[in-house]
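Fold and contact review
Below are the chains, spelled out letter by letter.
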Amino acid sequence: MSAPTTPTAPAAGSSSRTSARGPQQVRRRGGLERGRRREAAALVMPSLLPILVLSVAPLVMGIALAFTDARLVRHPDYQFVGVDNFVRLAGNSFFWDSFRIGLIWAVSVTLLQLVLAMGLAQLLNSGLRLQGLTRVLALIPWAMPPVVVAIMWKMIYSPNAGPLNAFLGSLGLPDDINWLADFSTALPAVIVVGVWVGMPQTTVTLLAGLQQIPDELHEAASMDGAGAWRRFTAVTWPSLRPIVASITSLNFIWNFNSFSLVYVLTEGGPGGRTMLPMLFTYLEAFKNRNIGYAAAMGVVLVVVVVLLLAVYLRSQFRDDRAVKKG
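Below is a summary of the structure that appears in this document. None of these values were measured; they are calculated from a predicted model. (Residues numbered from 1 in each chain as written. Predicted model: local features only at pLDDT ≥ 70, side-chain atom pairs only at ≥ 80, totals over all residues. Heavy atoms only, no water.)

**Some points on the overall build of the protein chain**
To be explicit about the condition: Numbering goes from the N terminus for both helices and strands, where a helix is a DSSP run of H or I of at least four residues and a strand is a run of E of at least two. Each residue is assigned to one of three classes by its accessible area relative to the maximum for its type, calculated with a 1.4 Å probe on protein chains only: buried under 20%, partly exposed between the two thresholds, exposed over 50%. Contact between two residues is taken to exist if any of their heavy atoms lie within 4.5 Å; hydrogens are not considered. Areas reported as accessible are Shrake-Rupley estimates using a 1.4 Å probe. Residue values count occlusion only from the protein chains shown.
What the protein chain contains, in helices and strands, is 13 helices and zero strands. In the protein chain, the succession of α and β elements from N to C terminus is α-α-α-α-α-α-α-α-α-α-α-α-α. Looking at the protein chain as a whole, 31% of its 326 residues qualify as buried. Long-range pairs, those at least 24 residues apart, make up 66% of the contacts in the protein chain between residues at least 6 apart in sequence. For the protein chain, the exposed area adds up to about 20500 Å²; of that, 66% sits on carbon and sulfur atoms.

**Quick look at the pattern of salt bridges**
Note that side chains of opposite charge can pair when their charged atoms are close. Using the following cut-off: Salt-bridge detection follows one rule: a side-chain nitrogen of Lys or Arg within 4 Å of a carboxyl oxygen of Asp or Glu.
Inspection of the entire model under this criterion finds one salt bridge. A salt bridge links Arg100 to Asp97, with the nearest nitrogen and oxygen atoms 2.9 Å apart. With Arg100 and Asp97 both in helix 3 (residues 93-124) and three residues apart, this pair spans about one turn of that helix.

**Structural notes on the environment of Val149**
Here Val149 is to be found in helix 6 (residues 146-156). Residues Val149 and Leu265 lie 116 residues apart in sequence; the distance between their C-alpha atoms is 9.4 Å.

**Some details on the environment of Gly102**
The topology assignment puts Gly102 in helix 3. The spatial distance from the C-alpha of Gly102 to the C-alpha of Pro277 is 6.3 Å, given a sequence separation of 175 residues.

Written as structure tokens, this is what we have:
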């Protein structure tokens, strides 16, 4: 029977090497982390710098100008006036009326875009012949610059030589309607153009969502006797709900901030019937030259947009948590 072996103590040299290696590894690891941070900063700066220069800096300058009486003159000389611009703005009924018009415009365009884009996306996802060409044609309005679109639709709406009035005349209907200058037709006419311009983007987003829905779900619903509408409400709509919430929220924000399309079409007329908040602010700044007062309007618009973004992000976080729990 062999005698039990007793554990031997580690050599003094090896323990000293181990203790010396610990601080070296910590320093090496810290150096690697600092190097990664520098690399990350080097990669982010090219995209962050334009944002700081072109977005953050003008925003800060605009907020500062909102508390002054600055005017657009050759030799500006302005003073700090506190909240006078905001007090004056609170009693400006024309500005708040532009808010009402902007809400009507944004809600109408956003909802019509969603309804029409949903139908078009369903059609493009149904296996049409020449499907690729059809999708390209559906994207044409999105690819056109807003100014070009506005000029084209201005020609269509022309009361004298416009094809729309010519078509109505061929049907025996009134053919002398001045669509963009009549108080009753100006805003609906502009809304139609806004829907036409923004619908392709919504269509592409919804089409991508439709293509992610497994065909087995529709087949199972069909085998259970569900019709087209029942399959849409039970299968398609629940699957698209997060996408619809996202694209609708973003479309509403974009539409509320519209400027170039309406400016080229009507410049806010007739009689302010198409005066959107961004257009009202622009005219106050560069037509009336009240930069400080216009900056106060811009601050109010920024606050509204931030609130809308907060609602959108909150809904997104809520949907993400629901998905994770599910």
